[in-house]
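Report on the structure
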Amino acid sequence: MSLEEYKGVFIFAQQVDNELSGIALELLGKAKDLANDLDEKKVTAVLLGEKVGNLVDTLAEYGADRVIVVDDPALKDYRTEPYTHALSSVIKEFKPEILLVGATAIGRDLGPRVSSRVHTGLTADCTQLDIGDFPLNAVEGQEQKHKQLLMTRPAFGGNTIATIACPDFRPQMATVRPGVMQKITPVKGAKAEVVEFNPGFEENSCYTKILEIVKAVSEVEDIQEAKILVSGGRGVGSPENFKILEDLAKVLHGTVSCSRAVVDSGWKPKDLQVGQTGKTVRPKVYFAIGISGAIQHVAGMEESDLIIAINKDENAPIFDVADYGVVGDLNKIVPALTKKIEEALAAKG
Ligand SMILES: Cc1cc2nc3c(=O)[nH]c(=O)nc-3n(C[C@H](O)[C@H](O)[C@H](O)COP(=O)(O)OP(=O)(O)OC[C@H]3O[C@@H](n4cnc5c(N)ncnc54)[C@H](O)[C@@H]3O)c2cc1C
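Because the structure is predicted, anything quoted here is derived from the model rather than measured. (Residues numbered from 1 in each chain as written. Predicted model: local features only at pLDDT ≥ 70, side-chain atom pairs only at ≥ 80, totals over all residues. Heavy atoms only, no water.)

Moving on, we come to the site of the ligand. In the vicinity of the ligand, 26 residues are found, and the nearest of them are Arg234, Ser259, Thr277, Ser292 and Gln296. Contact between the ligand and arginine 260: an oxygen atom at 2.9 Å from a main-chain N or O atom of the residue. With respect to the ligand, the backbone of leucine 330 contributes an N or O atom lying 2.9 Å from a nitrogen atom. Across the complex, the protein chains shield 77% of the 990 Å² of accessible surface that the ligand would expose by itself. Within the residue set of the shell around the ligand, elements represented by two or more residues are α6 (260-264), α7 (295-298) and α9 (330-348). (Near = heavy atom within 4 Å. Polar contact = N/O pair within 3.5 Å; in protein donor to acceptor, adjacent residues only side chain to side chain. Areas by Shrake-Rupley, 256 points an atom, 1.4 Å probe, with all protein chains shown as cover. Helix = DSSP H or I, 4+ residues; strand = E, 2+ residues; numbered from the N terminus.)

Before going further, it helps to spend a moment on the state of the cysteines. Within the structure shown, the criterion is met by 0 disulfides. This cysteine, cysteine 126, is not joined by any disulfide, and cysteine 166 carries the nearest cysteine sulfur, 11 Å off. (Disulfide = S-S within 2.5 Å.)

Looking now at the side chain of glutamate 81. Inspection of the secondary structure puts glutamate 81 in helix α3 (residues 80-94). Since its relative accessible area comes to 16%, glutamate 81 is described here as buried. With residues up to four places along the chain from it excluded, the contact list for glutamate 81 reads Arg117, Cys206 and Tyr207. (Buried < 20%, exposed > 50% of the residue type's maximum accessible area, 1.4 Å probe, protein only. Contact = heavy atoms within 4.5 Å.)

Along its sequence, the protein chain is carved into domain 1 (3-196) and domain 2 (223-348). Relative placement of domain 1 and domain 2: their C-alpha centres are 33 Å apart. Taken over both partners, the interface formed by domain 1 and domain 2 buries close to 770 Å², and the fraction arising from carbon and sulfur atoms is 34%. Counting across the interface, domain 1 meets domain 2 through 0 salt bridges. At the surface where domain 1 touches domain 2, the tally comes to 6 residue pairs in polar contact (both at pLDDT 80 or more). When the residues that make up the side of domain 1 that touches domain 2 are grouped by side-chain class, the tally is 4 nonpolar, 5 polar and 1 charged. (Domains from an automatic or database assignment. Buried area = accessible area lost by both parts, 1.4 Å probe. Salt bridge = Lys/Arg side-chain N within 4 Å of Asp/Glu carboxyl O. Nonpolar A, V, L, I, M, F, W, Y, C, P; charged D, E, K, R; others polar.)

For the rest of this paragraph, the subject is the sheet that holds strand β11 (residues 172-176). Strand order in this open sheet of 7 strands is β7-β11-β6-β1-β4-β5-β12, and the pairing throughout is parallel. Strands at the two margins of the open sheet, each flanked by one partner only, are β7 (122-126) and β12 (193-196). On average, adjacent strands in this sheet sit at an angle of 20° to one another, irrespective of strand direction. Pairing analysis gives 4 bridges linking strand β1 (residues 9-12) to strand β4 (residues 43-49), with the strands arranged parallel. Note that in β4 the partner of phenylalanine 12 across the bridge is valine 46. Sitting on the sheet, helix α1 (residues 22-37) touches β1, β4, β6 (98-102) and β11, and the angle it makes with β1 is about 175°. (Pairing = 2+ DSSP bridges. Axes fitted to C-alpha atoms, helices over the stretch in contact; angles between N-to-C directions.)

Taking 1.5 Å of rise per residue, 16 residues should cover 22 Å, and α1 covers 24 Å from first to last C-alpha, within 8% of that figure. Taken together, the buried positions of α1 are occupied by Ile23, Ala24, Leu25, Glu26, Leu27, Leu28, Gly29, Lys30, Ala31, Leu34 and Ala35. (Expected span 1.5 Å × (residues − 1).)

What follows is about the sheet that holds strand β8 (residues 128-134). Sheet architecture is open: 3 strands sit in the order β8-β9-β10, paired in antiparallel fashion. A single partner strand is all that each edge strand has here, and the edge strands are β8 and β10 (160-164). Geometrically, the sheet is characterised by an average inter-axis angle of 35° between neighbouring strands, direction not taken into account. Sheet topology places strand β9 (residues 145-155) next to β10; 5 bridges connect them, and they run antiparallel. Opposite alanine 155, over in β10, you have threonine 160 as the bridge partner. Strand contacts of α1: β8 and β9, with the helix running at about 20° to β8, the strand carrying the most contacts.

Most of β4 sits inside the fold, with 7 of its 7 residues counted as buried. Neither face of β4 is left uncovered, since the one carrying Val43, Ala45, Leu47 and Gly49 and the one carrying Thr44, Val46 and Leu48 both have all their residues buried. Crossover connection from β4 via helix α2 (residues 56-61) to parallel strand β5 (residues 66-71): handedness right-handed. (Right-handed = clockwise from strand over helix to strand, strands pointing away.)

Neither face of strand β14 (residues 255-258) is left uncovered, since the one carrying Thr255 and Ser257 and the one carrying Val256 and Cys258 both have all their residues buried. In this structure, strand β13 (residues 228-232) lies alongside β14, joined through 4 bridges in parallel fashion. Bridge pairing in β14 places valine 230 opposite valine 256. After leaving β13, the chain enters helix α5 (residues 243-252) and then returns to the sheet as β14, a path that is right-handed.

Taking 1.5 Å of rise per residue, the 13 residues of helix α4 (residues 105-117) would be expected to cover 18 Å, and the 19 Å separating its terminal C-alpha atoms lies within 8% of that figure. For α4, the complete set of buried residues consists of Ile106, Gly107, Leu110, Gly111, Val114 and Ser115. Projected down its long axis, α4 carries its buried residues within an arc of 125°, all on one side. Among the exposed residues of α4, those oriented more than 90 degrees off its buried face are Ala105 and Ser116. Where α4 is buried, its residues meet β1, β2 (15-16), α3, β6, β7 and β11. (Arc of directions from axis to C-beta.)

What follows is the structure in structure tokens.
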């Protein structure tokens, strides 16, 4: 493999039912930064699906300079085999230096298959990506390679973080946790170069047939989309007592989320869990109420714009990441805060 032949930063632009997934736009934001650090001019999005050409302009507005479109009926709904064939064919033809895929259910299935087919490595579930030297610190007798993709992810149950590189193979592939990278502000009217590419598909015995798609009906709000999150931990004490958090969320037009202890106790569904094994969130305001601030929880919320912690233990680690902290009993503080906000809003009319 001649590494020099591989150029440019590519992202897999996931779409479902002809709608781009948020992660595609987040990856474009990160790809722009990486491309700048590599002195690359172009960021390329790879769009697979059937009749998906209408999504190209959105990708351009969020930073794609070029969109490679593979449009084929075989790609209408996600299936491992045709998507793997399409994405690995794109890699073989266009030879990217870096390929980013969202760590969604689709990306976690697709990424490893593709990396294996094109014979390269993949770092799963990354929370940070940089361009730098590898090994990070020069080791005597070992060549230090420059401008490598440094892929960082939690390891050993979140007790440490590992930075991984793929210096000898290309592309350097990573799946990236949704909610971690930031979209750029869209540039209205931006246009991308469109390259149509079709590697050809042959239905064969490896192809699964989709007989029916049954969509999960969730009555739970998407906490990754919320601007204000009122998050409760074990300290809330009972599922019934979450009512005081719901009251606060209501006056703020926010959404309730929680720690893993709450999910493990069966008080709230897993969809509301913030953290390493839950969701990564980045709201404008994050209330951490009765949450101790374990590393695995903090990993999912530390990028919030403003963090307000309420905890009766003044030494709780959550205060290390909080912008504002209130030490005291949440049963007194939360209703009082809700009342004050209600009064302030009423006074404002
Ligand atoms: C591999 C792995 C993955 C994990 N992933 C996640 C994850 O994704 N998300 C996650 O959240 N955790 C995760 N955890 C669990 C994590 O380590 C903690 O156990 C968990 O976050 C603790 O939840 P908590 O803060 O609600 O409970 P606790 O740690 O029990 O904290 C409760 C807090 O409430 C405070 N409190 C109690 N009563 C009151 C009161 N009346 N008023 C005010 N404060 C009060 C206490 O002082 C305490 O700080 C993971 C663990 C492992 C090993």
